Amino acid sequence: MNIVNRYRNPIFTLLLLLIVAALMFNGMSASTATSIVLSGVTLAALYFLVASGVSLIFGLMDVLNFAHGSLFMFGAYAGWTFYTNPRLIFNSAPLLLLFAAGLLLNPLTARFVALPRWMRWLAGLAALALALVAARGFPIDRLVAMGMTMTGKVIPTELAQEPIETMLLRCGWALLAGIVLSAAVAARSVEHIQESARRTLGMVIGLTILGLAILLARNVAEQFILQTENNWRFLMAIAVGAGTGGILGALMEWSLIRPLYSRPIYQILLTLGLTFVFDQVVRFIWGPAGAFMEIPSWFSTQGKECPSPDLFAWFSQHCDSIAFFGRPFPSYRLFIILAGVVMLVGIGLLLQRTRLGMIIRAGVQDSEMVEALGINVRRIFTLVFAIGAGLAGLGGVVAAPFLGVYPGMAPEFLLQAFIVIVIGGLGSIPGAAVGALLVGLARAYGDHIVLAGIQLPGMSEAISGSPAIARASTVLIMAIVLFIKPTGIFGKKE
Amino acid sequence: MSNILEVDSIHTFIGQFHILEGVSLSVPEGSITALLGRNGAGKTTTLKSIIGLRPPREGHVRFEGAEIRGRRPYDIAALGIGYVPENRAIFRALTVEENLKIAERKKNDLAQRGEMIFGLFPDLKRFIKLPAGQLSGGQQQMLAIARALVPENRLLLIDEPSEGLAPILIEQLMESIRTLSAHTTILLVEQNFRMASQLAAYYYLLDDGKSIQHGAMKELVNDRATIQRYLGAA
């Protein structure tokens with residue numbers, strides 16, 4: 001009796017879900033039901049990759065990151081660019097790295113330069129002007145234009161890329177812009193001054209060398225990447241997307257969010273504002289149209305034996321689809337599910353089995369006390385922000401062959417991720433997983449009834465739905481959950 | 001005897017409020033020093049100012065001769081200062097073991113000092129795998145102190161350890177703190193004057209954010225008038 005009482009809520013929820021599922025799948029064939037469930041879990045995996053980061057960041061730092069959808073989108077674009085035409089990356093990364101190197105001189109500039117307030121504004125403007133000089137006439141459109149992989153047409157390297165000397169000059173301006181900006185923000189860094197000069201210089205020199213190395217190796221590296229077998233290139237692209245998301249996230253936290261930890265409303269305005277900035281940056285660089293990304297050949301081989309009769313056959317055949325109960329299901333979507341599950345397990349292990357995870361779990365409750373134990377909590381915050389953003393970037397690349405890349409993916413996934421964590425409970429990773437499943441399954445089922453209608457017991461004809469209902473269904477689930485448990489399924493009482 | 005900690009007329013603000021208006025104190029090495037005063041006198045804020053959670057705007061804080069005012073709390077703590085806050089602030093979702101592990105500054109801190117810690121607080125060893133949130137109030141207080149013992153700390157800042165504990169537990173706790181003081185220096189904030197007077201060798205008296213009187217505890221115990229006036233207890 002005790003046990004029944006203790007687990008009353010989960011048991012009740014489970015029964016309710018079973019009844020709902022029985023009604024939903026009433027009169028449906030096993031193959032249709034399986035395909036709906038698999039489609040739902042595919043969506044759930046993608047929603048989870050975005051929502052888990054939002055939840056992780058909110059749990060530890062109480063920051064609701066509206067820009068998370070944008071990080072997902074930016075990761076997708078970065079991975080896609082790396083996969084199809086990495087030229088843009090090799091030509092812009094050196095500039096960004098040298099700018100960052102200049103900015104990281106901050107602890108040293110702060111030691112020698114203490115500008116009055118109006119001079120800091122002036123220095124900020126000067127840095128902006130220098131950055132504009134560095135970027136003036138930078139041939140983004142030519143670099144982005146499709147190279148050899150999509151159309152088979154090769155744009156001669158000399159035409160698309162600027163000569164090394166021009167690029168070196170740009171690098172110099174970028175470094176200068178970074179240094180001037182580091183003087184402009186010097187007042188913010190009083191606490192950093194004690195950091196050792198050697199470490200600072202080491203980082204600055206390291207970044208400079210990395211930037212120049214990328215620049216000098218750009219042709220060799222591009223050839224190497226484009227000649228890499230497409231599956232391995234895709235895995236590399238996933239790493240690039242995750243890395244881009246992580247670096248962007250760390251930068252965002254360090255530069256913009258850190259000064260606002262005591263002002264929650266400002267954080268929301270800031271991250272919301274960033275979504276517009278990211279949207280425009282993506283449109284500016286890659287255009288508003290969006291693009292498809294090819295599915296790597298492990299998941300796109302077509303042949304006589306296809307679709308593969310089962311999962312084991314697929315391992316040798318690499319068919320584009322696998323048959324479940326006689327109906328083919330795209331094998332790439334199984335890869336998406338796999339990615340979602342791997343990340344769920346990975347986050348779980350990180351939180352439960354590592355020292356960092358222990359610190360995160362402690363920090364969720366009381367980050368001041370964690371700091372008083374001698375742990376640099378600000379660094380942990382930056383790291384966790386980077387991890388959350390990296391998950392979003394990874395999700396973006398994983399989603400790209402399935403959904404393509406387009407500017408609208410940011411708001412779409414942000415909205416779904418927010419619905420997911422509200423359902424699951426803010427700050428809870430299991431909650432994010434369960435919420436993602438509910439939302440994903442609802443979306444897939446909604447899409448199904450739009451096409452085929454729904455057959456309720458005792459009715460002779462199916463009722464068909466409209467696409468609007470499919471979209472509204474997730475919000476409806478959220479409303480029901482909030483009505484029964486306002487903190488979400490796994491949420492703790494405030 | 002040298003002073004391990006010297007606080008020199010610090011001024012600390014919380015928002016617009018001027019909480020500490022010139023607190024000075026010295027903690028001699030190898031003893032227990034009690035920080036006394038009424039509610040709101042600024043005792044807790046003084047500890048938070050030392051560890052850096054409420055950085056003072058003016059004045060000096062020197063630990064083993066080096067200025068630590070203005071440094072970040074993690075940096076100050078890493079010098080060898082343990083902090084046991086008044087609300088205990090144990091991590092409820094972590095197990096007892098994890099609560100101790102998280103305080104490690106070197107990899108084998110807990111392994112090295114575990115025997116000493118569990119000797120002082122045998123209960124913790126029994127409940128080592130239990131989530132700390134399930135411990136009783138007294139056990140949580142012991143865990144909070146034990147956590148400060150895990151790394152090699154040469155100074156402990158302990159805030160109101162007896163708060164909310166039953167008298168029998170207070171006796172146990174006093175015994176533990178007395179044993180501790182053989183290993184490390186302690187700056188103790190305590191409302192319970194009887195407990196403070198039995199433990200501490202020296203005292204500092206705060207009132208309205210200022211340190212107004214200090215000396216050997218022996219002398220204060222006989223100074224009924226001062227006790228009555230500033231501590232409101234007999």
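Residues numbered from 1 in each chain as written. Chains lettered and ligands numbered in written order. Predicted model: local features only at pLDDT ≥ 70, side-chain atom pairs only at ≥ 80, totals over all residues.

K.L.:
For helix H5 (residues 87-104) of chain A, give the residues involved together with the corresponding values.
P.N.:
Residues and elements named next belong to chain A. Between its terminal C-alpha atoms H5 stretches 26 Å, which fits the 26 Å expected from 18 residues at 1.5 Å a residue. Along its length, H5 reaches its greatest deviation from straightness, about 30°, at Ala93, and the proline Pro94 lies no more than four positions downstream. Burial within H5 is extensive, with 15 of its 18 residues counted as buried. (Helix = DSSP H or I, 4+ residues; strand = E, 2+ residues; numbered from the N terminus. Expected span 1.5 Å × (residues − 1). Bend = angle between axes of the 7 residues up to and from the residue. Buried ≥ 20, exposed ≤ 12 C-beta atoms within 10 Å, placed from the backbone.)

K.L.:
Pulling in residues and values, what's your account of the interface of chain A and chain B?
P.N.:
Contact with chain A, which involves 17 residues of that partner, is made by 21 residues of chain B. It is helix H18 (residues 355-372) of chain A that contributes the most residues to the side of chain A that touches chain B, ten residues altogether. Looking at the side of chain A that touches chain B residue by residue, the class counts come to eight nonpolar, four polar and five charged. (Contact = placed C-beta atoms within 7 Å. Nonpolar A, V, L, I, M, F, W, Y, C, P; charged D, E, K, R; others polar.)

K.L.:
Please give an account of the confidence of the model for chain B that cites residues and values.
P.N.:
Of all residues in chain B, 99% have pLDDT values of 70 or greater, and the mean over the chain is 92. Model confidence for the complex is summarised by a pTM of 0.89, with the ipTM given as 0.93. (pLDDT = per-residue confidence, 0-100.)

K.L.:
I'd like a description of the pairing of strand S6 (residues 81-84) of chain B, backed by residues and values.
P.N.:
Residue and element names in this part refer to chain B. Going residue by residue along S6, you find Ile81 and Tyr83 tucked away on one face and Gly82 and Val84 tucked away on the opposite face as well. Of the pairings in the sheet, the one linking S6 to strand S7 (residues 155-159) comprises four bridges and is parallel in character. Note on S7: the bridge partner recorded for Val84 is Ile158. (Pairing = 2+ DSSP bridges.)

K.L.:
Account for the packing of H18 of chain A against helix H19 (residues 377-403) of chain A, with residues named and values stated.
P.N.:
Residue and element names in this part refer to chain A. Packing of H18 against H19 leaves a shortest axis separation of 10 Å and a crossing angle of 150°. Between H18 and H19, the angle falls in the class roughly antiparallel. Of the two possible hands of crossing, H18 and H19 adopt the one that is left-handed. Mapping the contact onto sequence places Ile359, Ile360, Gly363, Ser367, Val370 and Glu371 in H18 and Val377, Ile380 and Val384 in H19. (Axes fitted to C-alpha atoms, helices over the stretch in contact; angles between N-to-C directions. Parallel < 35°, antiparallel > 145°, perpendicular 65-115°, else oblique. Left-handed = near helix turned anticlockwise from the far one by under 90°.)

K.L.:
Provide a residue-level description of unusual backbone geometry, including the pertinent values.
P.N.:
The backbone phi angle of His318 of chain A is positive, close to 55°, even though this residue is not glycine. Exposure remark for His318 of chain A: the 18 C-beta atoms within 10 Å place this residue in the partly exposed category. Positive phi values are uncommon outside glycine, yet Glu160 of chain B reaches one of about 50°. Take Glu160 of chain B: it is sitting in the loop between S7 and helix H7 (167-180).

K.L.:
Before we move on, can you summarise the confidence of the model for chain A with the specific residues and values?
P.N.:
All names here are of chain A. For chain A, the mean per-residue pLDDT works out to 87, and 90% of the residues sit at or above 70. Of all the helices and strands in chain A, helix H9 (residues 148-151) carries the lowest mean pLDDT, 48, while H19 carries the highest, 96. In this model residues 147-152 is a low-confidence stretch, pLDDT under 50, and it forms eleven contacts with partners more than four residues away in sequence or in other chains.

K.L.:
If you had to explain the sheet that holds strand S10 (residues 210-216) of chain B to someone new, which residues and values would you point to?
P.N.:
Residue and element names in this part refer to chain B. Here six strands make up an open sheet; going across it, the order is S6-S7-S8-S3-S9-S10 and the pairing mixed. The sheet is open, and its two borders are formed by S6 and S10, each paired with just one other strand. Neighbour-to-neighbour, the strand axes of the sheet open up by a mean angle of 15°, direction not taken into account. Here strand S3 (residues 32-37) pairs with strand S8 (residues 185-189) via four bridges, running parallel. Its bridge partner lying in S8, Leu35 is registered against Val189. The strands touched by helix H6 (residues 137-149) within the sheet are S6 and S7, with S6 carrying the most contacts at an inclination of about 170°.

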